Amino acid sequence: MKHVILLMLSGLFVLGAHTQAPELIPYRKGSLYGYSNDKKEIRVGPVYEYASTFREGMALVRKNGKYGYIDRSGNEVIGTVYPKAYRFSEGLASVMDDTNKWGFIDPKGRVVIAMQFEDVYDFNGGLAKVIINRKAGYINKAGRLVIPAEYDFADAFFTEGMAQVKKDGRYGYIDRSGRLLVPLAYENGLAFSEGMAPVQKNGLWGFVDKTGTEVIKPKYSKAYMFKEGLAYVALNNKYGFVDKTGKEVIPLQYDDVNMFSEGLARVTMNNKSGYIDKTGKLVIPIRFDSYGGTFKEGLAKVTVNDNKAYIDKTGNIVIPANYKLAEDFTEGLGMVFRNNMYGFVDRTGKEVIPPQYSECYSFKDGLALVYVNRKACYIDKKGTQYWEE
C-alpha cells in the first residue's frame with residue numbers, strides 16, 4: 001500500500017484533528033509503545049511495537065507483527081490479526097490478509113469489502129482507488145467498481161472533483177463519475193487548482209479547464225498550478241506569472257520564482273531573492289542569498305551569509321540568521337537546525353525547544369514527531385517528551 005500513511009512520519013504517528021494535544025498520545029517505553037495523557041500518566045500499557053494516533057475514534061496498533069485497533073478507552077476492539085493495515089477513513093479501514101489481498105473492515109471489525117485487491121488507498125469523498133491486475137480504478141463504499149480498473153496510473157484522491165489518469169502513455173482527467181473530461185492527450189500534468197490544471201503537450205506546458213478546453217495553449221517550458229489567482233510559467237529560462245486568461249501579468253524576467261502565498265511570491269535574480277506582490281511590484285528588495293521560502297503564518301525563511309533567518313512581510317529580519325536550516329512556520333513554531341540538531345523557535349525567535357534532536361518534523365495538531373536513539377517519539381509545544389528508556 002502506497003498511500004501516505006505508509007510512512008512513519010505521516011502515518012505511524014499521524015495526529016487527529018485536534019488543535020491541542022489529544023486525549024491519548026502514543027508513549028514509548030523502551031522499545032514498546034502504549035498511550036498516555038498529556039501529563040504522561042499511562043492509560044494503555046506499553047505492549048505494542050507500533051502505535052498510531054487516533055482517527056475516527058480508533059488507533060492502529062501492532063503486536064507480534066500483526067495489526068489491530070484500539071478504541072479511546074484503550075480496549076483492543078479489533079484483534080491484532082492482520083499482516084498489514086491502515087487507519088480508518090470515512091468509516092472504513094484497509095487491511096491485508098495472509099494471501100496479500102486487500103479489503104476493508106468497519107469499526108466492529110467486520111469485513112465489508114472482501115479481500116480481493118492487489119493494493120488499495122484510503123476512501124476520500126466516498127471513493128477509494130484500487131489496483132486489479134496492475135490497473136487502477138475506483139470503488140465505492142459498497143465495494144462496487146464504479147470506475148473500471150483500466151488505467152496504468154490514477155491519482156489516489158480527487159482534487160476539485162478531478163483525478164489525473166494515464167493510459168497508453170498519455171494523461172488525462174476524469175471526474176468522480178468516471179467521465180473522461182480532459183482527453184488522454186498529454187505527456188504529463190499536475191493536479192487541478194482553482195479550476196485549472198497544468199498539462200504538457202509536445203514538450204510544452206499550458207493549462208486546461210474542467211471541460212478539457214486548453215484555456216492557455218501549451219507554449220511554456222515549465223508551468224505550475226494556480227495559487228491565489230496566478231500561476232508561474234517559464235520560457236527561455238525566465239520565469240513570470242500568468243492569470244487565468246493566459247495574460248502574462250508579471251513579465252517573464254526572473255531566474256526563478258515560487259508560487260504566491262499570503263499575497264507575496266519569492267523571485268530570484270543572479271542568485272539573490274526578494275518578494276513581489278500580485279501587481280508585480282517588488283515589495284521586498286532582491287537582497288537575500290540564494291532562494292527564499294514562501295510566506296507561512298506571516299514569516300518566510302531566507303538565507304543571509306549562508307545561514308537561515310526569518311523575515312516579515314516588510315522584509316525586516318525578525319529572527320536572526322543563527323541556523324543552518326529552517327522550515328516554514330506551522331502552528332506558531334518554526335523548526336530550525338544548528339550544530340547538527342533540530343529544535344523550534346516561536347515568532348519572536350525564542351528557542352522554545354532548543355536544538356537537541358537528530359531528526360524531527362514540524363508540529364501538527366499540537367505534537368511533533370522526533371527520533372531518539374532511532375526510535376520515533378513525540379514532543380508537545382512545551383517540549384514535553386512522551387517516552388522513557
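Residues numbered from 1 in each chain as written. Predicted model: local features only at pLDDT ≥ 70, side-chain atom pairs only at ≥ 80, totals over all residues. Heavy atoms only, no water.

Caption draft 1: Highlighting the pattern of salt bridges. Under the definition given, this model contains 26 salt bridges. One salt bridge in this structure joins Lys167 and Glu150, with 2.7 Å as the shortest N-O distance. Highlighted residues: Lys167 in strand S17 (residues 162–167) and Glu150 in strand S15 (residues 145–151), separated in sequence by 17 residues. Between Asp175 and Arg179 there is a salt bridge, with its nearest N and O atoms 2.7 Å apart. Residue Asp175 is classed as buried on the basis of its relative accessible area, which comes to 8%. The class of Arg179 is exposed, set by a relative accessible area of 53%. (Salt bridge = Lys/Arg side-chain N within 4 Å of Asp/Glu carboxyl O. Helix = DSSP H or I, 4+ residues; strand = E, 2+ residues; numbered from the N terminus. Buried < 20%, exposed > 50% of the residue type's maximum accessible area, 1.4 Å probe, protein only.)

Caption draft 2: Layout of unusual backbone geometry. For Glu160, which is not a glycine, the phi torsion comes out positive at approximately 55°. Position of Glu160 among the secondary structure elements: in the loop between strand S16 (153–154) and S17. The class of Glu160 is partly exposed, set by a relative accessible area of 37%. Its identity is not glycine, yet Asp306 carries a phi of approximately 70°, on the positive side. If you trace the backbone, Asp306 turns up in the loop between strand S32 (300–304) and strand S33 (307–311). On the accessibility criterion, Asp306 (56% relative accessible area) is exposed.

Caption draft 3: The sheet that holds strand S23 (residues 214–220), seen in detail. Taking strand neighbours across the sheet as the criterion, the 4 strands line up as S20-S21-S22-S23 in an open arrangement whose pairing is antiparallel. A strand with exactly one partner marks an edge of an open sheet, and here the two such strands are strand S20 (188–189) and S23. Where S20 and strand S21 (residues 197–201) come together, 2 bridges link them in antiparallel fashion. Pairing of Asn188 across the sheet is with Gln200, part of S21. (Pairing = 2+ DSSP bridges.)

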